[in-house]
Amino acid sequence: MQRRMGHSRVRSWVGGLALWMGVVALSGAAAATPRIERVSFTARADGRGYVIRFHTNEQVAAYSDPVRVSDRVIEITLFHMDLAPSFVKDAPEGPVERYTLTPEDGRIVARFFLRRTVSVNAYRDRETTDLLVSLTYEAGAAQKTVEPTEDARERWRLDTVVIDAGHGGKDAGATGVGGLREKDVVLAVALKLGQYLEDLLGVKVVYTRRSDRFIPLKERGRLANEAGGKLFISIHANASPSRGAKGTETYFLGMHKTAAASQVMERENSVIRFETDQEHYKNFDEADLIRMQLAQSAFMRQSEQLAGLVEAQFAERVGRRSRGVKQAGFYVLWSASMPALLVELGFLSNPREAAFLRSKSGQAYMASAIFRAVKAFKNDYEKGLHLVSAK
Ligand SMILES: [Zn+2]
């Protein structure tokens, strides 16, 4: 966590997001949530693919770019959308073997499981309110065997975890009881976690920092992406003016944030003030930020799942008070193109939590809890991929 600052830029995107959400919320208040009434499939006239049509009673306010979850699975999220009670689910056709539509927090996540690889493109229909997803057979792929290559499977193995110890160098983060510094606590836990992951799970660990040095936020995401990370875990500790405040929180990127989450978010994003090339951040306009968030939305469910596992471990295995899984717009999570979490280990301003987090055993307990969560997540993740690739 962090002290307050001149966060005009953070404000501007919070404002943008709030404005955007406000528009969505307003249209929600004025009328019922738009609904999907039917999903249908049509062979394209040129014979080179299929079109999936989401029949909606109102135009979708926002949708994600279709994301290739694996070679044979694509996912698209329709925001501020519901399923009509009379929803008609047509039988899949063409390259689509089966599909699912999952309502989630006011959005619909559609997943299409394919028989063959296609390129995907989503666009709004000009004549109706419908959303169309065009699937184009890839050139030369028509006769290709449907068995995934070992290569493809390798790519989706959870083999590299990026651990990001928050703050560092001139940025100490929060300061707690007895001068305990966030940057030191989180580095100790990060290194311990990395050691567990390497030794007990055999995954490659990449650290954004292994010592007390300053790293700009955007650099952290870049490091993660370049390392081919499959998971990004940013570790932080909290502080509050109230010494009684206590407990752990795990965040994933999202827009359903509470006022309390916004405060933590502003503090964690505020590190930008330490950075010399602030221009970089100013260049993002609101549209960019919304686009970035939509890009991360492909990983949102996975991030949320892992966040739940982490908080459960903190509570059940370490006896921490869990303040729960939360969503907020942390800059550092945006820049990583993979499931990404930000963990707040506890409050350094709370004497008992400070003593626990200062101790070697407390740090080891926290690292081990995160390790167990990652281990369980990795199991699920690879099992899912295996099922998908075995189709
Ligand atoms: Zn922090």
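How each quantity is defined
Residues numbered from 1 in each chain as written. Predicted model: local features only at pLDDT ≥ 70, side-chain atom pairs only at ≥ 80, totals over all residues. Helix = DSSP H or I, 4+ residues; strand = E, 2+ residues; numbered from the N terminus. Buried ≥ 20, exposed ≤ 12 C-beta atoms within 10 Å, placed from the backbone. Contact = placed C-beta atoms within 7 Å. Pairing = 2+ DSSP bridges. Core = buried A, V, L, I, M, F, W, Y, C linked by C-beta atoms within 7 Å. Axes fitted to C-alpha atoms, helices over the stretch in contact; angles between N-to-C directions. Arc of directions from axis to C-beta. Expected span 1.5 Å × (residues − 1). pLDDT = per-residue confidence, 0-100.

**Focus: the overall build of the chain**
Scanning the chain from terminus to terminus reveals 11 helices and 16 strands. Expressed as a percentage of its 391 residues, the buried residues of the chain come to 41%. Partitioning the intrachain contacts of the chain with sequence separation of at least 6 by distance along the chain shows that 76% fall at a separation of at least 24.

**Focus: unusual backbone geometry**
Within the chain, His80 stands out as a residue other than glycine whose phi angle is a positive 50°. Here His80 is to be found in the loop between strand S5 (73–79) and strand S6 (82–89). The exposure class of His80 is buried, given the 20 C-beta atoms found within 10 Å. For His167, which is not a glycine, the phi torsion comes out positive at approximately 60°. Within the element layout of this structure, His167 appears in the loop between strand S11 (160–165) and helix H3 (182–201).

**Quick word on the environment of Lys375**
Take Lys375: it is sitting in helix H11 (residues 360–390). The class of Lys375 is partly exposed, set by 16 C-beta atoms lying within 10 Å. With 69 residues separating them along the chain, Lys375 and Leu306 place their C-alpha atoms 9.9 Å apart.

**Some remarks on the pairing of strand S4 (residues 67–70)**
As defined by bridge partners, S4 adjoins S5 across 3 bridges and the pair is classed as antiparallel. Along S5, the bridge assignment pairs Val67 with Glu75. Counted between consecutive antiparallel strands, the loop separating S4 from S5 contains 2 residues.

**Focus on the nonpolar core**
Membership of the largest hydrophobic core comes to 63 residues, with the highest contact counts inside it found for Val189, Ile233, Val310, Ala340, Leu341 and Ile370. By residue number, the principal contributor to this core is H11, which donates 10 residues. Within the second largest apolar cluster, 22 residues are counted, among which are Ile36, Ile108, Val109 and Leu135.

**Some remarks on the sheet that holds strand S10 (residues 131–137)**
If you trace the 5 strands from one edge of the open sheet to the other, you get S6-S1-S2-S10-S9, paired in mixed fashion. Two strands in the sheet have a free side with no partner beyond their single neighbour: S6 and strand S9 (118–124). Sheet twist, expressed as the mean angle between neighbouring strand axes with direction ignored, is 20°. Both strand S2 (residues 49–56) and S10 contribute to a ladder of 6 bridges, which runs antiparallel. Paired with Ile52 across the two strands is Val133, which belongs to S10.

**So, the environment of Val332**
Here Val332 is to be found in helix H9 (residues 331–334). Beyond its immediate chain neighbours, meaning those up to four positions away, Val332 contacts Asp164, Leu217, Arg220, Gly221, Ser234 and Leu342.

**Details of the sheet that holds S11**
Sheets are built from strands paired through backbone hydrogen bonds, the pairs being either parallel or antiparallel. With mixed pairing, 6 strands are arranged side by side in an open sheet as S12-S11-S13-S16-S14-S15. At either end of the open sheet lies a strand with only one pairing partner, and these are strand S12 (204–207) and strand S15 (322–328). When the angles between neighbouring strand axes are averaged without regard to direction, this sheet yields 20°. Pairing between strand S14 (residues 248–253) and strand S16 (residues 340–347): 3 bridges, direction antiparallel. By the bridge assignment for S16, Glu249 is matched with Glu344. Sitting on the sheet, H3 touches S11, S12, strand S13 (231–238) and S16, and the angle it makes with S13 is about 145°.

**A word on helix H10 (residues 351–358)**
Restricting attention to buried positions, one finds in H10 the residues Glu353, Ala354, Phe356 and Leu357. Buried residues along H10 cover an arc of 165° about the axis, so they all sit on one side.

**Observations concerning H3**
Between its terminal C-alpha atoms H3 stretches 27 Å, which fits the 28 Å expected from 20 residues at 1.5 Å a residue. Within H3, burial applies to Glu182, Lys183, Val185, Val186, Leu187, Val189, Ala190, Lys192, Leu193, Gly194 and Leu197. Directly beyond the C-terminal end of H3, a positive phi value near 65° is found at Gly202.

**Notes on the confidence of the model for the chain**
A low pLDDT score tells you not to read the predicted coordinates there in detail. Within the chain, residue pLDDT values average 80, and 75% of them lie at 70 or more. Here residues 2–30 scores under 50 on pLDDT; set against residues more than four positions off or in separate chains, the count is 35 contacts. For residues 141–148, every residue scores under 50 in pLDDT, and the model assigns this stretch 9 contacts once sequence neighbours within four places are set aside.

**Some words on the pairing of S9**
Sheet topology places S9 next to S10; 7 bridges connect them, and they run antiparallel. Along S10, the bridge assignment pairs Asn121 with Ser134. Remark: 6 residues form the turn of the hairpin made by S9 and S10, two consecutive strands paired antiparallel.

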